[in-house]
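Listed here are the chains, written in short residue letters.
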Amino acid sequence: MTKVFMSRPLPEAVQAAAREFCDLTVRELTTPMTPDEMVMSLADYDGVVPTLGDFYTADILAEAGDTRCKVLANFGVGYNHIDVAAAKAAGIAVSNTPGAVTDATADIALCLMLMTARRAGEGERLLRAGQWEGWHPTQLLGMHLGGKTVGIVGMGRIGQAIARRCHFGFGMNVAYASRRPKTLDFPAEAKDSLLDLAAAVDVMVLAVPGGAETHHLINADVLTAMQPHAILINIARGNVVEEAALINALQSGQIAGAGLDVYEFEPAVPEALRAMENVTLLPHLGTAALEVRTDMGMMSVANLRAFFAGKPLPNAI
Ligand code: NAP
């Protein structure tokens, strides 16, 4: 029987769906796989379901050599932890789970926007510390989102879902910078460059994939171009932002705040960020809802099922 290795426990329904057609081994740990585990998974299984933090690099693939594994059905839309070119060169197909994550991740972007702009984390910490002295007209004044301009970096599935929420839900203006022209079903202004976008917006939201091309896309130059009252939201991947430059920009007042779901050296979060009241910090919650994680898992399983039935992968990368 086809042997499949799942690198983390996924929702029970997903495991049951996989067991319908394969001999499934579930790694019970919740931490990223070690290099030895990844080499073992490639050698001993026909298919693997890896996820965030499982770095199937060219070196790991080379060490594994001529692998039994012929498909990596990634759990997640982001696949910057897999060297797809090296996998393909080794005869291993790769798939991901686009779409299933879109709305939930867009929701978390809005959550970060609201929490940061309206100082919700700061207010909650104040209250929990027993320091709230009661309502008064000038307490904890934040930035009202209505009528402001959001700038989307990466106007893909998630970027568009964020833009729609901002436009239809909050009456915000939408601007974006993208590599390819976009046909959108809501009003949005295309800016010529990332720097132009940075200079024009009140909230800048990152929704690009991670990887070499977007590494440190948001650096000191981009942060300097932003307005001092503006906030930066990152739900993409940690290393899209040069974290040290972000800390400098926040500490020097170059920008007003940040809302982060992902971190450059995740799960390490610099003390400097944790110390700042104007920064909202979430533990990579983008897709953290049972229905969403189940949908994602079912997509991974559907890719495996198709692969082992000799059919094209529904979500081939
Ligand atoms: P998508 O539909 O592929 O959209 C990505 C967009 O980024 C595309 O529109 C693309 O622009 C743009 N882009 C790609 N490379 C770029 C570059 N080098 N410079 C500028 N723009 C670039 O992907 P998605 O489904 O929206 O997901 C986006 C990312 O969100 C994922 O890859 C993942 O890393 C992250 N994510 C995070 C969470 C979380 O839990 N926080 C959850 C889900 C996803 P063009 O169309 O112009 O080429």
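Here the structure is a predicted model, which is why all the values come from computation and not from measurement. (Residues numbered from 1 in each chain as written. Predicted model: local features only at pLDDT ≥ 70, side-chain atom pairs only at ≥ 80, totals over all residues. Heavy atoms only, no water.)

J.: Explain helix α5 (residues 102–117) to me, please; I cannot follow it from the model alone.
T.: Count 3.6 residues to each turn of an α-helix, and residues three or four apart come out pointing the same way. Its 16 residues give α5 an end-to-end C-alpha distance of 22 Å, which sits within 8% of 22 Å, the value for a rise of 1.5 Å per residue. Taken together, the buried positions of α5 are occupied by Thr102, Ala104, Thr105, Ala106, Ile108, Ala109, Leu110, Leu112, Met113, Thr116 and Ala117. (Helix = DSSP H or I, 4+ residues; strand = E, 2+ residues; numbered from the N terminus. Expected span 1.5 Å × (residues − 1). Buried < 20%, exposed > 50% of the residue type's maximum accessible area, 1.4 Å probe, protein only.)

J.: Sorry, what's going on with the site of the ligand here?
T.: By nearness alone, 26 residues border the ligand, and Arg157, Ile158, Arg179, Lys182 and Ile235 come closest of all. For the ligand, an oxygen atom lies 2.6 Å from a polar atom in the side chain of Lys182. For the ligand, a nitrogen atom lies 3.3 Å from a polar atom in the side chain of Glu213. Partitioned by chemical class, the residues of the shell around the ligand number 10 nonpolar, 9 polar and 7 charged. (Near = heavy atom within 4 Å. Polar contact = N/O pair within 3.5 Å; in protein donor to acceptor, adjacent residues only side chain to side chain. Nonpolar A, V, L, I, M, F, W, Y, C, P; charged D, E, K, R; others polar.)

J.: What should I look at first to understand the pairing of strand β9 (residues 203–206) in this one?
T.: Successive residues of a regular strand alternate their side chains across the two faces of the sheet. What you see with β9 is no split at all: Val203 and Val205 on one side and Met204 and Leu206 on the other are buried throughout. Sheet topology places strand β6 (residues 149–153) next to β9; 4 bridges connect them, and they run parallel. Across the sheet, residue Gly151 finds its bridge partner in β9, namely Met204. Of the pairings in the sheet, the one linking β9 to strand β10 (residues 231–234) comprises 4 bridges and is parallel in character. Across the sheet, the residue bridging to Leu206 is Asn234, located in β10. For the crossover from β9 across helix α9 (residues 220–225) to β10, the handedness is right-handed. (Pairing = 2+ DSSP bridges. Right-handed = clockwise from strand over helix to strand, strands pointing away.)

J.: So what exactly am I meant to see when it comes to unusual backbone geometry here?
T.: Going from Glu266 to Pro267, the amide bond is cis rather than trans, its omega being 5 degrees. Note that Pro267 resides in the loop between β11 (257–260) and α11 (271–274). A positive phi angle is found at Arg119, which is not glycine, with a value near 60 degrees. Positionally, Arg119 belongs in the loop between α5 and α6 (120–128). On the accessibility criterion, Arg119 (27% relative accessible area) is partly exposed.

J.: So what exactly am I meant to see when it comes to the packing of helix α1 (residues 12–19) against helix α12 (residues 290–308) here?
T.: When two helices pack together, their arrangement is captured by the angle between the axes and the distance separating the axes. Axis separation between α1 and α12 bottoms out at 8 Å; the angle between their running directions is 10 degrees. Comparing the axis directions of α1 and α12 gives the class roughly parallel. Crossing angle aside, the handedness with which α1 passes α12 is right-handed. On α12, the residues that touch Ala13, Val14, Ala17 and Ala18 of α1 are Arg293, Thr294, Gly297, Met298, Val301 and Arg305. Here the residues of the contact of α1 with α12 are counted per class, giving 6 nonpolar, 2 polar and 2 charged. (Axes fitted to C-alpha atoms, helices over the stretch in contact; angles between N-to-C directions. Parallel < 35°, antiparallel > 145°, perpendicular 65-115°, else oblique. Left-handed = near helix turned anticlockwise from the far one by under 90°. Contact = heavy atoms within 4.5 Å.)

Geometric descriptors of this kind do not, in isolation, establish any biological role.
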